[in-house]
Amino acid sequence: MRTGLRVLLVLLLPVWGSAAAHNGDLTVRPTCKPGFSEEDYTAFVSQNIMEGQKLLKVKFNNCAGNKGVRYETNSLDFKVRADGTMYAAHQVQMPSKQLILMVTAWDPQTLGRWEAIVRFLVAEKSQHNGHKPKGRKTVPGELAQQQSDTLLPWRQHQSANGLRRQKRDWVIPPINVPENSRGPFPQQLVRIRSDKDKEIHIRYSITGVGADQPPMEVFSIDPVSGRMYVTRPMDREERASYHLRAHAVDMNGNKVENPIDLYIYVIDMNDNRPEFINQVYNGSVDEGSKPGTYVMTVTANDADDSTTANGMVRYRIVTQTPQSPSQNMFTINSETGDIVTVAAGLDREKVQQYIVIVQATDMEGNLNYGLSNTATAIITVTDVNDNPPEFTTSTYSGEVPENRVEVVVANLTVMDRDQPHSPNWNAIYRIISGDPSGHFTIRTDPVTNEGMVTVVKAVDYEMNRAFMLTVMVSNQAPLASGIQMSFQSTAGVTISVTDVNEAPYFPTNHKLIRLEEGVPTGTVLTTFSAVDPDRFMQQAVRYSKLSDPANWLNINATNGQITTAAVLDRESDYIKNNVYEATFLAADNGIPPASGTGTLQIYLIDINDNAPELLPKEAQICEKPNLNVINITAADADIDPNVGPFVFELPSVPSAVRKNWTITRLNGDYAQLSLRIMYLEAGVYDVPIIVTDSGNPPLYNTCVIKVKVCPCDENGDCTTIGAVAAAGLGTGAIIAILICIIILLTMVLLFVVWMKRREKERHTKQLLIDPEDDVRDNILKYDEEGGGEEDQDYDLSQLQQPETMDHVLNKTPGVRRVDERPIGAEPQYPIRPVIPHPGDIGDFINEGLRAADNDPTAPPYDSLLVFDYEGSGSTAGSVSSLNSSSSGDQDYDYLNDWGPRFKKLADMYGGGEED
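Bear in mind the structure is a predicted one, so any value in this text is a computation, not a measurement. (Residues numbered from 1 in each chain as written. Predicted model: local features only at pLDDT ≥ 70, side-chain atom pairs only at ≥ 80, totals over all residues. Heavy atoms only, no water.)

Enquirer: Before we go on, may I ask you to explain the environment of N628 in this structure?
Expert: Secondary-structure assignment places N628 in the loop between β47 (618–622) and β48 (630–635). On a C-alpha basis, the gap between N628 and L675 in space is 9.2 Å, while along the polypeptide they are 47 residues apart. (Helix = DSSP H or I, 4+ residues; strand = E, 2+ residues; numbered from the N terminus.)

Written as structure tokens, this is what we have:
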């Protein structure tokens, strides 16, 4: 008997009843989240993978039908097809027990990227002595487990020579757990044992997501027996797989066996209804479309596993409204959701919109077991131009006055059964015949679609009294294939032209005639007649002047004959570029009257009727010859050939002209005038010169030029004295003028000096004033004084001197009044001179002030006084504050407050501005 350990491994897989797949209380997820169905995919592969071998299929949903979604991997050894199938790009030798890849889904429309992890595990079955481990196959619907279904993942082997060697660990097959289990919980999943548990006490544990990582405690394990349990119902849509690691340690926590990987997959149950991306889909199809025409695509997503029947959705049409002209106008592809037409007869003019209810059912469309959902597809029948426009009547008529434009003559009405205000309905009108000159056009009213026949080129009653137009109407969009134009798309339009009174017109306008200037008055120039276009009206035309700036012309009111009323002068200011313009009016006697204007242009040919004029009229020359000359020329109002070259010559009378002066010809228009003698006394000389033009016959003119002869300096310029002498003044007169100038300057200088002195005296003595400003002659002495203009309410009787002086004379010696004028000799004040001098005013005031200060009879004193009598009931105030001082620095600003009578004193002494 062999001494090695016997290895037993029983995998307990609970099998769930299929009744849970049809639980009616399933939660419907109304939203769709793009992404992979799993975050982590796991597949068992062999050590050697052949090229093209399919390994697994990933499921991705972008919530838009997965159109255009592309898949990529981070390995060159593996690729993913458009349906999510992952295969080997070439023969691959797996380098290890596990290979982890990254799969990326890319949506080119939204530019979104999603990633998922793919794990390839190498499945290797170990055999001992040619025997395969036997396990029991699970049966659906069986909930009990056999005690012998145990698996020992850590297994020891003994060699033939008795030595023990460690084999590689087994890879545990994935554990499948159905979702939505009803319990009871916890439920046993598998029991894990080590063959060393007979030798030592072993404690088991599990780690990973669902055990000690969130979500926590979804799985648990009995640390003694190694039985692993699930503690609550699973939901594949929340998490489809779990990766755990099982550990075996002794009582001291020492590792007894290497950790093993446990993969737990949640088995999908049909617990999610298909969900449409939109509850209402909008599509369109042209009317008259053939069967099989694509309309739209509806898409429903099922959160269940798409690799099973739980997530396989099928579509069908439930109802169609309206059921016209057939109840089955559309069909739907059960797998893709594409809706196409199945019958002919779509007509927008009859049915403009269809409402189709579409049902999506999982379990591959099995209505007995599958879950269903519905959505609404609104199919709009779009208009095509299958109805040509037609006139409502075959003939139209209108009327237009002649010479009118932009007038609507007739309105053409049409009928079109296509969609209003679309290119299939908008009408375009064309004139086929009857208007070779293009007098009319037809514009479309954008609201009513009517054709407005409009005059764009004026019509003439005398040329055409009526028009017969043939018009055709069409649409902006071409007619649909197979639709022919209706015979009612053409119509006739009769337009009558009415005659109106037209204005006469001048056939030649502007009319130009040529004649010489100076023709005598009454000369017939031309006949400027107008034409009346109204040939069928007997009307008379009358002529009159409208504009004749120089009033040179007359016109015959009956026949339009033009005659001269004055001599025409080409040199007149009314002539522009030798042309004279006049405007005439021609009016008929129609109802209402009409008139037209015409312009007559008269080109005047020049004749030699203006003698030349000498230029310049004045000149200056030195008294000695050969220093300078005078350049002369001529101006003529005429034009060539009645102007230059000119002839300049001196007259023979008086003889002194040719004796003193000479003329030298420079060219046809210029000559030089210079002195003939060696010296000519300074002065102004009138030199006559005869100027003759080149006209036929020539005209001449004797012109006088004033020449100033003066002494010149070395540069040839007249000196100042010479210029004066040249003006005709002698030496004595010049000296007299100079003396007068000197005297005038002396007087001005003296006046300035006097003003300076006077200004200085004013600054020295502030009280100096002009005699006319002296007011001392106006100061009078009164026995009584009242208040100012504003103080008339005071009782002035208290200030008057008593009529009798007995009470004063009978006073006791030693007692006297100081508020009355004393009886006795008065002091002598300085006498003002009869003719005052401004410089004595200050002295006069100072002397008067000293006399007043020394006058014992002048009250009041600036000291404490005793009054023995002040009267009774006096309303006057005290005047004891009046002060006289010998000081010259006094403030007189208070005079400004005393009213207008003291304004003069305030200006003199109060610092006011001087006049």
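Enquirer: For this particular structure, what's the right way to read the packing of aromatic side chains?
Expert: Describing an aromatic ring pair means giving the distance of the ring centres and the angle of the ring planes. One pass over the full model with this rule turns up 17 aromatic pairs. For the pair F391 and Y429, a centre-to-centre distance of 6.1 Å together with 45° between the ring planes defines the contact as tilted. Here the residue F391 occupies a position in strand β30 (residues 390–391), and Y429 occupies one in strand β34 (residues 427–433), the gap between them amounting to 38 residues. Accessibility classification places F391 together with Y429 in one group, the buried group. Pairing F528 with F584 gives two aromatic rings, centres 6.1 Å apart and planes at 80°, and the pair type is edge-to-face. Here F528 is found in the loop between β40 (524–527) and β41 (541–547), whereas its partner F584 is found in strand β44 (residues 579–588), with 56 residues between them in sequence. When its relative accessible area of 1% is taken as the criterion, F528 is described as buried. The class of F584 is buried, set by a relative accessible area of 0%. Members of the aromatic cluster, joined through ring pairs, are F36, F60, Y71 and W114. The ring of Y87 has R81 sitting right over it, with the charged end atom 4.1 Å from the ring centre. One cation-aromatic arrangement involves R239 over Y242; the distance from NZ or CZ to the ring centre is 5.4 Å. (Phe/Tyr/Trp six-rings, centres within 6.5 Å; stacked < 30°, edge-to-face > 60°. Buried < 20%, exposed > 50% of the residue type's maximum accessible area, 1.4 Å probe, protein only. Lys NZ or Arg CZ within 6 Å of the ring centre and 35° of its normal.)

Enquirer: So what exactly am I meant to see when it comes to the state of the cysteines here?
Expert: Such a bond, covalent and formed between the sulfur atoms of two cysteines, is termed a disulfide. Throughout the structure, instances matching the rule amount to two disulfides. Disulfide pairing is shown between C32 and C63; the S-S distance is 1.8 Å. The sign of the -90° torsion about the S-S bond sets the C32-C63 disulfide as left-handed. You can see C32 sitting in the segment before β1 (35–36) and its partner C63 sitting in the loop between β5 (60–61) and β6 (70–73), a full 31 residues away along the chain. The exposure class of C32 is partly exposed, given its relative accessible area of 37%. Between the sulfur atoms of C622 and its disulfide partner C712 the distance amounts to 1.8 Å. Every disulfide takes its handedness from the sign of the S-S torsion; for C622 and C712 that torsion is -105°, giving left-handed. One end of the pair, C622, is in strand β47; the other, C712, is in the loop between β53 (700–710) and α2 (720–726), and 90 residues separate them in sequence. (Disulfide = S-S within 2.5 Å.)

Enquirer: Is there a simple way to explain the sheet that holds strand β14 (residues 175–178) in this structure?
Expert: Each strand in a sheet pairs with its neighbour through backbone hydrogen bonds, running either in the same direction (parallel) or in the opposite one (antiparallel). Reading across from one edge, β14-β20-β19-β16 is the order of the four strands in this open sheet, with mixed pairing throughout. The sheet is open, and its two borders are formed by β14 and β16 (202–208), each paired with just one other strand. For this sheet, the mean inter-axis angle between neighbouring strands, taken without regard to orientation, is 30°. (Pairing = 2+ DSSP bridges. Axes fitted to C-alpha atoms, helices over the stretch in contact; angles between N-to-C directions.)

Enquirer: Just to check I follow, could you spell out the pairing of β53 for this structure?
Expert: Walk down a regular strand and you will see the side chains alternate between the two sheet faces. Bridge analysis of β47 against β53 gives five bridges, and the strand direction is parallel. Bridge assignment links E618 to a residue of β53, and that residue is K706. Sheet analysis places strand β52 (residues 683–692) next to β53, joined by 10 bridges and oriented antiparallel. By the bridge assignment for β53, T692 is matched with Y700.

Enquirer: Explain the pairing of β16 to me, please; I cannot follow it from the model alone.
Expert: Alternating residues of β16 divide into I202, Y204, I206 and G208, all buried, and R203, S205 and T207, none buried. Two elements, β16 and strand β19 (residues 241–250), share seven bridges in a ladder whose sense is antiparallel. Looking at the pairing, S205 lines up with H247 of β19.

Enquirer: What should I look at first to understand a nonpolar patch on the surface in this one?
Expert: There is a patch of nonpolar side chains on the surface, built from L744, V748, F751, V752, W754 and M755 and spanning about 590 Å² of accessible area. Using a relative accessible area of 47% as the deciding quantity, one classes V748 as partly exposed. (Patch = residues over 30% accessible without salt bridge, like charges linked within 9 Å, V, L, I, M, F, W, Y side chains within 5 Å. Areas by Shrake-Rupley, 256 points an atom, 1.4 Å probe, with all protein chains shown as cover. Salt bridge = Lys/Arg side-chain N within 4 Å of Asp/Glu carboxyl O.)

Enquirer: Looking at this structure, I do not really get the sheet that holds strand β45 (residues 595–605). What am I missing?
Expert: Taking strand neighbours across the sheet as the criterion, the four strands line up as β39-β45-β44-β41 in an open arrangement whose pairing is mixed. In this open sheet, the two edge strands, each paired with only one partner strand, are β39 (511–516) and β41. Across the sheet, the axes of successive neighbouring strands diverge by a mean angle of 30°, strand direction being ignored. Here β39 pairs with β45 via six bridges, running parallel. Bridge pairing in β45 places L515 opposite L604.

Enquirer: Explain the nonpolar core to me, please; I cannot follow it from the model alone.
Expert: Across soluble globular proteins, nonpolar side chains have a tendency to be buried as a group. If you look at the biggest cluster of nonpolar residues, it comprises 26 residues, and the most contacted ones within it are I206, F219, M228, M234, L244, L262 and I264. The element that contributes the greatest number of residues to this core is strand β20 (residues 255–267), accounting for five residues. Once residues within four sequence positions are removed from consideration, L244 is found in contact with I206, T207, G208, V209, A211, F219, M228, I260, D261, L262 and I264. Membership of the second largest hydrophobic core comes to 25 residues, among which are L55, V58, A116 and F120. (Core = buried A, V, L, I, M, F, W, Y, C linked by side-chain atoms within 4.5 Å. Contact = heavy atoms within 4.5 Å.)

Enquirer: Help me out: how do you make sense of helix α5 (residues 841–853) in this one?
Expert: For an α-helix, the turn length of 3.6 residues means that residues three or four places apart are oriented alike. Helix length check: α5, at 13 residues, gives a terminal C-alpha distance of 18 Å against a target of 18 Å (1.5 Å per residue), a fit within 8%. Among all positions of α5, only I841, G842, G848, L849 and A851 are buried. (Expected span 1.5 Å × (residues − 1).)

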